[in-house]
Structure formats: structure tokens, C-alpha cells
Amino acid sequence: MIKGLAISTVWVLDQDRAKEFYTEKLGLELRNDMTLGEGGMRWITVGAKDQPDVELTLMVPGTGNTDPESAEALRTLVAKGMLGAGVLRTDDVWGDYERLKARGVEFVQEPQERPYGTEALFRDDSGNWFSFTQAREGGLDLDKEWSC
């Protein structure tokens, strides 16, 4: 039986740069940085301190079982900023927005009110974009007219 999400892949262009971005700029903790087997692929995972059971693996296209043509297509999509890697939750979107911006995180949208909460959008050092969201207290406000 499925118990939940444990690891999700974020395609990156450079693992050292990505490791620095995710740990030093975003403040995630490094969980693993190892090479699997002699001359094997590098396995880097990071995660939020308060969520020990969920990790992001920072993977370069072309490692593992990705064929060269698909790896090049992935690298192109990542570099163009065409991949959304997910939603990161916060309980202080405005404060964290200012802190992350001061650390050099590139925000493509400052925090804005949405039906589900307050959301900002940022890109990582490879081009992947993330929603950075503080959930609305009490859930959705269905009586209000929203346009996104």
C-alpha cells in the first residue's frame, strides 16, 4: 500500500550549484551527497528540516536510465524555465520572500493573494520555477470573486 511521497526529482543543470542554491539560499538541509558505486551517478537529496520524510533529489539529465536525446530535451526545458518543480509551503510568505530575495533568490512574482492563500513564484539556479505559498486560514473563500 502507498504510504506517501518520499522523494521527488528536480532536474538541475549543475549539481554543485544546485546543492548550494537549495541549502544556502533556500535553507533546506542536505540529506545525502554520495556516488552510487564505482563511477556511478551522484545522489544528492535535500529537504525541509521539519519534514524529514520528504526529499528532493537534485538530478542532472543524462544520469541513470535517461537516453541522450531525452536528456538533452530535459536540459533545454530546464534552462528555458519551462518546468514547474512544485509548491513549497511557508507560514510567513512576506517575511520569507524578503529573506530569500536578500539571499539572491530570483522571484518572478512577488506575493499575491489567491483563492488558496498568498503565493509568490521563484526560479532556482537552473531555471525550474516553484510556487512559494502560505495557505489561507480557514481554506478557500468561495464567496469572493477571484481572477488568477
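Quantities reported herein were computed from a predicted structural model and do not represent experimental measurements.

### Some words on the sheet that holds strand β3 (residues 42-47)
Part 1: With mixed pairing, the four strands of this open sheet are ordered in space as β1-β4-β3-β2. Looking at strand neighbours, the two that pair on one side only are β1 (7-11) and β2 (29-35), the edges of this open sheet. For this sheet, the mean angle separating the axes of adjacent strands, direction not counted, is 25°.
Part 2: Both β2 and β3 contribute to a ladder of six bridges, which runs antiparallel.

### Quick notes on the sheet that holds strand β6 (residues 106-114)
Part 1: With mixed pairing, the four strands of this open sheet are ordered in space as β5-β8-β7-β6. Two strands in the sheet have a free side with no partner beyond their single neighbour: β5 (84-89) and β6. The mean inter-strand angle of the sheet, taken between neighbouring strand axes irrespective of direction, is 20°.
Part 2: Here seven bridges tie strand β7 (residues 117-123) to strand β8 (residues 129-135), and the two strands are oriented antiparallel to one another. Directly across from threonine 118, in β8, lies its bridge partner glutamine 134.
Part 3: Packed on one face of the sheet, helix α3 (residues 93-102) meets β6, β7 and β8 and runs near 175° to β6.

### Quick look at the nonpolar core
Part 1: Grouped together as the largest cluster of nonpolar side chains are 21 residues, with contacts concentrated most on Tyr22, Leu26, Leu58, Phe107 and Phe122.
Part 2: The set of elements that each furnish at least two residues to this core consists of α1 (15-25), β3, β4 (55-59), α3, β7 and β8.
Part 3: Not counting the four nearest positions on each side in its chain, leucine 26 is found in contact with Phe21, Leu88, Leu100, Arg103, Val105 and Phe122.

### Brief notes about the confidence of the model for the protein
Part 1: Averaged over all residues, the pLDDT of the protein equals 90, while 92% of them reach at least 70.
Part 2: Mean pLDDT values for the elements of the protein range from 89 in β5 up to 98 in α1.

### Some details on the pairing of β3
Part 1: Hairpin geometry of β2 and β3 is characterised by an intervening segment of six residues between the two adjacent antiparallel strands and by a positive phi of about 75° at glycine 37.
Part 2: Note that β3 and β4 share two bridges and pair antiparallel. Across the sheet, valine 46 pairs through a bridge with leucine 56, a residue of β4.

### Overview of the packing of aromatic side chains
Part 1: Under the criterion given, the structure shown has eight aromatic pairs.
Part 2: Ring centres of tyrosine 97 and phenylalanine 107 lie 4.7 Å apart, and the angle between their planes is 70°; this geometry places the pair in the edge-to-face category. Remark: phenylalanine 107 occurs in strand β6 and tyrosine 97 occurs in helix α3; sequence separation between them is 10 residues. Each member of the pair, tyrosine 97 together with phenylalanine 107, is buried.
Part 3: Note on phenylalanine 122 and phenylalanine 130: the rings are 5.3 Å apart at their centroids and 15° apart in plane angle, and the pair reads as stacked. No difference in accessibility class separates phenylalanine 122 from phenylalanine 130, as the two residues are buried.

Rules behind the numbers
Residues numbered from 1 in each chain as written. Predicted model: local features only at pLDDT ≥ 70, side-chain atom pairs only at ≥ 80, totals over all residues. Heavy atoms only, no water. Pairing = 2+ DSSP bridges. Helix = DSSP H or I, 4+ residues; strand = E, 2+ residues; numbered from the N terminus. Axes fitted to C-alpha atoms, helices over the stretch in contact; angles between N-to-C directions. Contact = heavy atoms within 4.5 Å. Core = buried A, V, L, I, M, F, W, Y, C linked by side-chain atoms within 4.5 Å. Buried < 20%, exposed > 50% of the residue type's maximum accessible area, 1.4 Å probe, protein only. pLDDT = per-residue confidence, 0-100. Phe/Tyr/Trp six-rings, centres within 6.5 Å; stacked < 30°, edge-to-face > 60°.

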